Every structure is written in structure tokens, then in C-alpha cells.
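Residues per chain, in single letters:
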Amino acid sequence: MEVAEGLTRILRAQGDGRGDLIAILQEVQAEFGYLPKEAMLGVAKFLQIPESLVYSVATFYNQFRITPLGRRPIKVCMGTACHLSGGELVLEAVQRELDVDLGGLTSDGEFSLDRVACIGCCAIAPAMVIGDAVYPKMTPWKVVEVLTTIKSEIQEANKGD
Ligand code: FES
């Protein structure tokens, strides 16, 4: 969907009131999967606040991302059970293996990386999700294994193109 079109619908729903910045940004992210620059500028204009304020809020809160999702979005669970059982090490391993920042996107657009709160499978902590697949009891070594396998599958698939 066009950013302008989706944003207009979101802002129109705010009515006459100027609305709440965070609530609007949440709606924009729900619509596009991230906060496109064009949308952030539009929100600033709508709320009559500086663009820099919208950008600061967007980058301050973990819930927002300012880069698009990858074709295979990775979410590392940082709920209590996962955090206590090594979630941070899992997250660092993904960052290292893919050379991607938290909230970022790999240069080929394949993977994006986010941390999330409990995904409801604490019995298999620490857990990681790639696309729709949940990976249980992750370790840094398992991260390397899983990502190496997926990268080879991508290479194979690209050969056929
Ligand atoms: S804390 Fe990670 S699945 Fe619950």
C-alpha cells in the first residue's frame, strides 16, 4: 500500500483532536510493519510538532522500527524466561552472524532483527522466531547452524531464478 494513502486513512481517523503521537506511530507501524520516513514527516505535520521529535520518539522506543522488515523477520524473545536462559547471547549471535543491528535490516533485505517480549513458549526458552517458525532452546552455536542452513537455502533458491 502507498504510504500516503495508508497515512491519510490513519490520520483521518484521529478526527479533529490532534491525537497522541505514540498511538499514531503504533498505528502506522501496524499498517506498514515499520515507520516509513514519509509517514513520520506526515505525522509531524499533522500534529504540528517538529519532525525531530517524531524521530526521537520513533528511535527511543524498542517497539518502533524505522527500517522495513526483512523477507525473513527474526525476533529474539527477551521475556523473562528467555532472558534468564541466555536470550542476550542468542541476540548477539544473530547480530554477529548476519552483521545486522537490532532493529535493522541486512544489506540484502533478507533478514531484519528485533527483540520481542514473551512469545508464549517459555518451556522452550530461549526462543527465536524466523518468519513463522519458532526455534527452541537456542544457543549461539544453534543460531549459526540455523542461519547457515537458511542462507544456503536462499542461495539455492536464487540459483533457480
Ligand atoms: S519468555 Fe520467551 S517465550 Fe516466554
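Structural data are supplied above this passage.
If you're wondering where the values come from, they're calculated on a predicted model, not measured in any experiment.

About the thresholds
Residues numbered from 1 in each chain as written. Predicted model: local features only at pLDDT ≥ 70, side-chain atom pairs only at ≥ 80, totals over all residues. Heavy atoms only, no water. Core = buried A, V, L, I, M, F, W, Y, C linked by side-chain atoms within 4.5 Å. Buried < 20%, exposed > 50% of the residue type's maximum accessible area, 1.4 Å probe, protein only. Helix = DSSP H or I, 4+ residues; strand = E, 2+ residues; numbered from the N terminus. Contact = heavy atoms within 4.5 Å. Axes fitted to C-alpha atoms, helices over the stretch in contact; angles between N-to-C directions. Left-handed = near helix turned anticlockwise from the far one by under 90°. Nonpolar A, V, L, I, M, F, W, Y, C, P; charged D, E, K, R; others polar. Arc of directions from axis to C-beta. Phe/Tyr/Trp six-rings, centres within 6.5 Å; stacked < 30°, edge-to-face > 60°. Salt bridge = Lys/Arg side-chain N within 4 Å of Asp/Glu carboxyl O.

### Digging into the nonpolar core
Argument step 1. Residues Leu21, Ile24, Leu25, Val28, Leu35 and Val43 are the most contacted members of the largest nonpolar core, which totals 20 residues.
Argument step 2. Among the secondary structure elements, those contributing two or more residues to this core are α1 (3-12), α2 (21-32), α3 (37-47) and α4 (51-60).
Argument step 3. Those residues in contact with Leu35 that lie beyond four places of it in its chain are Leu25, Val28, Gln29, Met40, Ala58, Phe64, Arg65 and Ile66.
Argument step 4. Judged by nonpolar contacts, the second largest core, of 19 residues, contains Val76, Leu91, Val94 and Met128.

### A word on the packing of α1 against α3
Describing two packed helices takes the angle between their axes plus the distance from one axis to the other.
Argument step 1. The geometry of α1 relative to α3 is characterised by a closest axis approach of 10 Å and an angle of 35 degrees between their N-to-C directions. Of the two elements, α1 crosses α3, and the hand of that crossing is right-handed. Along the contact surface, α1 presents Val3, Ala4, Leu7 and Leu11, while α3 presents Glu38, Ala39, Gly42, Val43 and Phe46.
Argument step 2. Of the residues contributing to the contact of α1 with α3, the split by class is seven nonpolar, one polar and one charged.

### Notes on α1
Argument step 1. Listing the buried residues of α1 in full gives Val3, Gly6, Leu7, Ile10 and Leu11. The arc that holds the buried residues of α1, viewed along the axis, is 130 degrees, so those residues lie on one side. Turned more than 90 degrees from where α1 packs its buried face, Glu5 and Arg12 sit exposed.
Argument step 2. On its buried face, α1 sits against α2 and α3.

### Things to note about the packing of aromatic side chains
Argument step 1. Here the structure, examined in full by the defined rule, presents two aromatic pairs.
Argument step 2. For the ring pair Phe60 and Tyr61, a centre distance of 4.9 Å and an interplane angle of 90 degrees mean the geometry is edge-to-face.
Argument step 3. By relative accessible area, which is 62% here, Phe60 ends up exposed.
Argument step 4. Of the residues examined, Tyr61 reaches a relative accessible area of 32% and is grouped as partly exposed.
Argument step 5. Each ring, one from Tyr61 and one from Phe64, has its centre 6.4 Å from the other, and the planes form 85 degrees; the classification is edge-to-face.
Argument step 6. For Phe64, a relative accessible area of 7% gives the class buried.
Argument step 7. Cluster of aromatic residues (ring-pair linked, three or more members): Phe60, Tyr61 and Phe64.

### Points about the pattern of salt bridges
Where charged atoms of side chains with opposite charge meet at close range, the side chains can pair.
Argument step 1. What the rule picks out here adds up to six salt bridges.
Argument step 2. In this structure, Glu110 and Arg72 form a salt bridge, with 2.3 Å as the shortest nitrogen-oxygen distance. Pair noted here: Glu110 is in the loop between α6 (87-98) and β2 (111-116) and Arg72 is in strand β1 (residues 72-77), with a separation of 38 residues, a long-range link.
Argument step 3. Classification of Glu110 by relative accessible area gives buried; the value is 7%.
Argument step 4. Arg72 gets classed as partly exposed once you look at its relative accessible area, which sits at 29%.

### A closer look at unusual backbone geometry
Negative phi values dominate among residues other than glycine, just as trans dominates among peptide bonds.
Argument step 1. The omega angle of the peptide bond from Ala125 to Pro126 is -5 degrees, so this bond is cis rather than trans.
Argument step 2. Relative to the helices and strands, Pro126 is located in the loop between β2 and β3 (128-130).
Argument step 3. Although it is not a glycine, Gln48 sits at a positive phi angle of roughly 55 degrees.
Argument step 4. Considering the arrangement of structural elements, one finds Gln48 in the loop between α3 and α4.
Argument step 5. In the Ramachandran plot, Asp99 falls in the positive-phi region, its phi being about 55 degrees despite a non-glycine side chain.
Argument step 6. Its location among the elements puts Asp99 in the loop between α6 and β2.

Purely geometric stuff here, so don't read any function into it on its own.
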